[in-house]
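The lines below spell out each chain.
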Amino acid sequence: MYSFCRKCLSSCLRLLSGKTRTNALKRTLSSSNGPERALAKYISSKIKMSGPISVAEYMKECLTNPKYGYYMNRDVFGQKGDFITSPEISQMFGELLGIWILDDWMKAGKPACLNIVELGPGRGTLADDILRVLNKFSHVVDDVSLHLVEVSPKMRQLQKVKLSAPEMKKEELEKPVEKINSKYGIPVMWHNNIKGVPQGFSCFVAHEFFDALPIHSFQRTKHGWREVLVDVDEAAGPDNLRFVLSASKTPPTVYIQETETRDRVEICPEAGVIVQDIVQRISEDGGSALIADYGHDGEKQDTLRGFKEHKLFDILSEPGTADLTADVDFSYLRTMCGKSVSTYGPVMQSYFLKNMGIETRLKALMMNTSEKEQRDLISGYKMLTDPKQMGERFKFFAIRQKSDITDIPAGFTSLT
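All figures in this text were calculated on a predicted structure; none of them were measured in a lab. (Residues numbered from 1 in each chain as written. Predicted model: local features only at pLDDT ≥ 70, side-chain atom pairs only at ≥ 80, totals over all residues. Heavy atoms only, no water.)

### A closer look at unusual backbone geometry
Inference 1: Geometrically, the link from Gly345 to Pro346 is a cis peptide bond, its omega value of 10 degrees lying close to zero.
Inference 2: Checked against the element boundaries, Pro346 lands in strand S16 (residues 341-348).
Inference 3: Phi is positive for Lys110, close to 55 degrees, though the residue is something other than glycine.
Inference 4: Following the sequence through the fold, Lys110 ends up in the loop between helix H5 (91-107) and strand S2 (113-119).
Inference 5: The phi angle at Glu318 is positive, at roughly 45 degrees, despite the residue not being glycine.
Inference 6: Mapped onto the fold, Glu318 is located in the loop between strand S13 (311-313) and strand S14 (323-325). (Helix = DSSP H or I, 4+ residues; strand = E, 2+ residues; numbered from the N terminus.)

### Considerations on the pattern of salt bridges
Inference 1: Taken as a whole and assessed by the stated rule, the structure comprises 26 salt bridges.
Inference 2: For the salt bridge of Asp103 with Lys107, the shortest nitrogen-to-oxygen distance reads 3.1 Å. Of the two residues, Asp103 and Lys107 both sit in helix H5, 4 residues apart, roughly one turn of that helix.
Inference 3: The buried category is assigned to Asp103, whose relative accessible area is 1%.
Inference 4: Residues Asp277 and Lys195 are paired through a salt bridge, measuring 3.7 Å at the closest nitrogen-oxygen approach. Here the residue Asp277 occupies a position in helix H9 (residues 269-285), and Lys195 occupies one in the loop between strand S5 (187-191) and strand S6 (202-207), the gap between them amounting to 82 residues.
Inference 5: When its relative accessible area of 65% is taken as the criterion, Lys195 is described as exposed.
Inference 6: One salt-bridge network, held together by shared partners, links Glu95, Asp128, Asp129, Arg132, Lys183 and Arg361. (Salt bridge = Lys/Arg side-chain N within 4 Å of Asp/Glu carboxyl O. Buried < 20%, exposed > 50% of the residue type's maximum accessible area, 1.4 Å probe, protein only.)

### Considering helix H12 (residues 358-366)
Inference 1: Along H12, the residues classified as buried are Ile358, Arg361, Leu362, Ala364 and Leu365. Relative to the axis of H12, the buried residues are bounded by an arc of 165 degrees and lie together on one face. (Arc of directions from axis to C-beta.)

### Here's the deal with the nonpolar core
Inference 1: By size, the foremost hydrophobic cluster in this structure holds 57 residues, and its most contacted members are Tyr58, Leu119, Phe210 and Ile399.
Inference 2: With residues up to four places along the chain from it excluded, the contact list for Tyr58 reads Ile43, Ile53, Val230, Leu241, Ile315, Leu316, Pro319 and Leu324.
Inference 3: Phe201, Leu290, Ala398 and Phe412 belong to the second largest nonpolar core, which has 55 residues in total. (Core = buried A, V, L, I, M, F, W, Y, C linked by side-chain atoms within 4.5 Å. Contact = heavy atoms within 4.5 Å.)

### Details of the environment of Ser182
Inference 1: Take Ser182: it is sitting in the loop between strand S4 (179-181) and S5.
Inference 2: Spatially, the C-alpha atoms of Ser182 and Ser145 are 9.8 Å apart, while their sequence positions differ by 37 residues.
Inference 3: Residues within four places of Ser182 in sequence aside, it is in contact with Leu131, Leu163, Ser164, Ala165 and Val188.
Inference 4: Of the polar contacts made by the side chain of Ser182, one reaches the backbone oxygen of Ile186; its length is 2.7 Å. (Polar contact = N/O pair within 3.5 Å; in protein donor to acceptor, adjacent residues only side chain to side chain.)

This is the structure:
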């Protein structure tokens, strides 16, 4: 068996190139494919025909409606988008995740193949940083492939541009290609869901993926649990939508635990299904999963919110034009994992990154860079680790195949 101790992790970080990647945060927004309030009109018509809809159904329409969905036809990431993610802030984030994958693969005994599976890969920035790390250790990993689970045509296009080899022609990139050879020589494949990923030892990565999945929201009342629904309200404003409570129990209420003590609960059944699919793959073929998201361990109540241009935005206003998100309930994910795998965390992002050696990596990058690049590196480090920024809000959670290995995954061990 092979494993990386803290000294080994530091050595690997130093082996990586000290050069910083080019920070190109450009935005390529497409048109909304229709009037600004087209989706609002569609949702209102749907409610008038069949009655109030769940928050989950509303989120699904807002985010992934084929024609007007927020994620389907635009680039929403980066400083000029509606929000910015950790991989876009600093290359160190993705590099440390690459080291984590390599470490966990070696601890598992270096299986013949390694499938890296990223759920909701955004622009492909995180995947690019991970592949760059693995390319540095090509003498260690012989058979590795990257599998991106992505439903948005627009995001697939951006990912192909980011990861493709320089010699790939523009017309080839514009075609709906499902497989390319990356600039690092590692094959990249796209899938609509996890079931399309080939069998074999796999490491699943989900960064800010689960928070965008549709949730059901429930309120405790004197009559028992009632689901929060979206209904029309002609007097509520230009988009004519409002929140109401169901008149009686709805089928999704079955997901609420009998031991629940909160008065307001958000549950994401789709997240439970995806986690169970991951657990099945890990149990059958070996592997692990690393989930990074803002969330809690079963203590928060009402976290659904909207974001537009880096600011909070009314959830029911202009549906399809803003991001809708809810904190991940890691206690729910842990329950859905069952007993066939081991789980770790959640731990705070600052804890995980410092444990993985982000400070060592920062020093290495600053050795041969300009003053401006050094300022950018320090700024990125602070944003990722400062408790007042992303350091405490974001959490890491790991899933691993049960085995005789008793050591804790890198990043989850004690900092002392």
